[in-house]
Amino acid sequence: LAGLLLFAASRGLTSGAEGSAQPVSPGEVDRTVEIATPCPTFTWAAGDGAAGYELAVLDLRRAEEPVVAFRRTISGAATAWTPARADCLQAGGTYAWTLRALDAAGQPSDGEASWPALRRFSVPATPSAEEVATALETLRRWQAAGTPTVAPGTAAARFHDSPSPRVADRMV
């Protein structure tokens, strides 16, 4: 499947026919965008008369040999799907996805090679232990300087027990 999808995309065999299912999010066709979660919700524009959809996600970390990360059949008129935790993608990976409409018999409604253009996205890498330690130290310093709060009914932040009046003055 990975080879078929990449071959179809590179040869212009992907479908953009009116009425066919079209991927919407995550990702973009012309560039890779970073998303916030390894378990994204895949959304698409419905295909006319579709009885379901076949969704495919490719792992592009080895661009010369992409592999299918997962492939799912989604029944009914759904226009969104979120993978179960077991199917979440790996942090630090680059992926592409697409889907196609299926007819009532579960067959591609536009033909075997008809997949909409791949949408590319990446999942941010997990922070290193050093990055986590630095963030925690920054948080501790902020807490030591005083806890910022918002007074009820106002948007003005202020510090309680601030060690520096100038800091408190800037925050009111």
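Residues numbered from 1 in each chain as written. Predicted model: local features only at pLDDT ≥ 70, side-chain atom pairs only at ≥ 80, totals over all residues. Heavy atoms only, no water.

*Asks:* Please clarify how the pairing of strand 7 (residues 94–102) should be interpreted in this entry.
*Replies:* Regular strands place side chains that alternate from one sheet face to the opposite one. Judged by how many residues are buried, strand 7 sits mostly within the fold: eight of nine residues are covered. In terms of strand pairing, strand 4 (residues 52–59) meets strand 7 through eight bridges, oriented antiparallel. Among the inter-strand pairings, L55 is bridged to a residue of strand 7, identified as L99. For strand 7 and strand 8 (residues 119–122), the ladder comprises four bridges, and the chain directions are antiparallel. Counted as the bridge partner of T94 is S122 from strand 8. (Buried < 20%, exposed > 50% of the residue type's maximum accessible area, 1.4 Å probe, protein only. Helix = DSSP H or I, 4+ residues; strand = E, 2+ residues; numbered from the N terminus. Pairing = 2+ DSSP bridges.)

*Asks:* Hey, could you run me through helix 2 (residues 129–145) in this one?
*Replies:* Three- or four-residue spacings in an α-helix give side chains the same orientation, since the helix completes a turn every 3.6 residues. End to end, helix 2 covers 25 Å across 17 residues, agreeing with the expected 24 Å (1.5 Å per residue, within 8%). In the segment just after helix 2, G146 is the residue with positive phi, at about 120 degrees. (Expected span 1.5 Å × (residues − 1).)

*Asks:* Is there a simple way to explain the state of the cysteines in this structure?
*Replies:* Under the counting rule described, the total for this entry stands at one disulfide. Each sulfur of the disulfide joining C39 and C88 lies 1.3 Å from the other. The S-S bond linking C39 to C88 shows a torsion near -60 degrees; that makes this disulfide left-handed. Taken together, the positions of C39 in the loop between strand 2 (33–34) and strand 3 (42–45) and C88 in the loop between strand 6 (80–81) and strand 7 put the pair 49 residues apart, joining distant regions of the chain. What makes C39 buried here is its relative accessible area of 16%. Residue C88 is classed as partly exposed on the basis of its relative accessible area, which comes to 21%. (Disulfide = S-S within 2.5 Å.)

*Asks:* Help me understand the pattern of salt bridges, please; the structure alone is not making it clear to me.
*Replies:* For side chains of opposite charge, pairing can occur when their charged atoms come near one another. Summed over all chains, the structure comprises seven salt bridges. As a salt-bridge pair, E65 and R62 come within 3.4 Å of each other at their nearest N and O atoms. Residue R72 pairs with D87 through a salt bridge whose shortest N-O separation is 2.8 Å. Here R72, found in strand 5 (residues 67–75), pairs with D87, found in the loop between strand 6 and strand 7; they are 15 residues apart in sequence, far enough to count as distant. On the basis of relative accessibility, which here comes to 27%, the residue R72 falls in the partly exposed class. Through salt bridges with shared partners, a single ionic network connects E54, R71 and R100. (Salt bridge = Lys/Arg side-chain N within 4 Å of Asp/Glu carboxyl O.)

*Asks:* Looking at this model, I keep getting lost on a nonpolar patch on the surface. Mind explaining?
*Replies:* A cluster of nonpolar side chains, V132, L136, L139 and W142, forms an exposed patch at the surface whose accessible area comes to about 390 Å². Within the secondary structure layout, L136 lies in helix 2. Among the residues examined, L136 registers a relative accessible area of 39% and is labelled partly exposed. (Patch = residues over 30% accessible without salt bridge, like charges linked within 9 Å, V, L, I, M, F, W, Y side chains within 5 Å. Areas by Shrake-Rupley, 256 points an atom, 1.4 Å probe, with all protein chains shown as cover.)

*Asks:* Looking at this structure, how should I read the sheet that holds strand 7?
*Replies:* Sheets are built from strands that pair by backbone hydrogen bonding, the pairs being arranged parallel or antiparallel. On the basis of which strands lie adjacent, the open sheet formed by five strands has the order 2-8-7-4-5 and mixed pairing. The strands lining the two open edges of the sheet, one partner per strand, are strand 2 and strand 5. Summarising the sheet, strand 4 and strand 5 pair through eight bridges and their orientation is antiparallel. Bridged to L55 within strand 5 is R72.

*Asks:* Can you walk me through the nonpolar core in this structure?
*Replies:* Nonpolar side chains tend to gather and get buried jointly when the protein is soluble and globular. Counting 19 residues, the largest nonpolar core has F42, W44, L55, V57, W97 and F121 as the members making the most contacts within it. At the level of secondary structure, the elements contributing two or more residues to this core comprise strand 3, strand 4, strand 5 and strand 7. The greatest single-element share of this core, amounting to four residues, is contributed by strand 7. The residues touching V57, leaving out its near neighbours within four places in the chain, are F42, V67, V68, A69, F70, L89, Y95, A96 and W97. (Core = buried A, V, L, I, M, F, W, Y, C linked by side-chain atoms within 4.5 Å. Contact = heavy atoms within 4.5 Å.)

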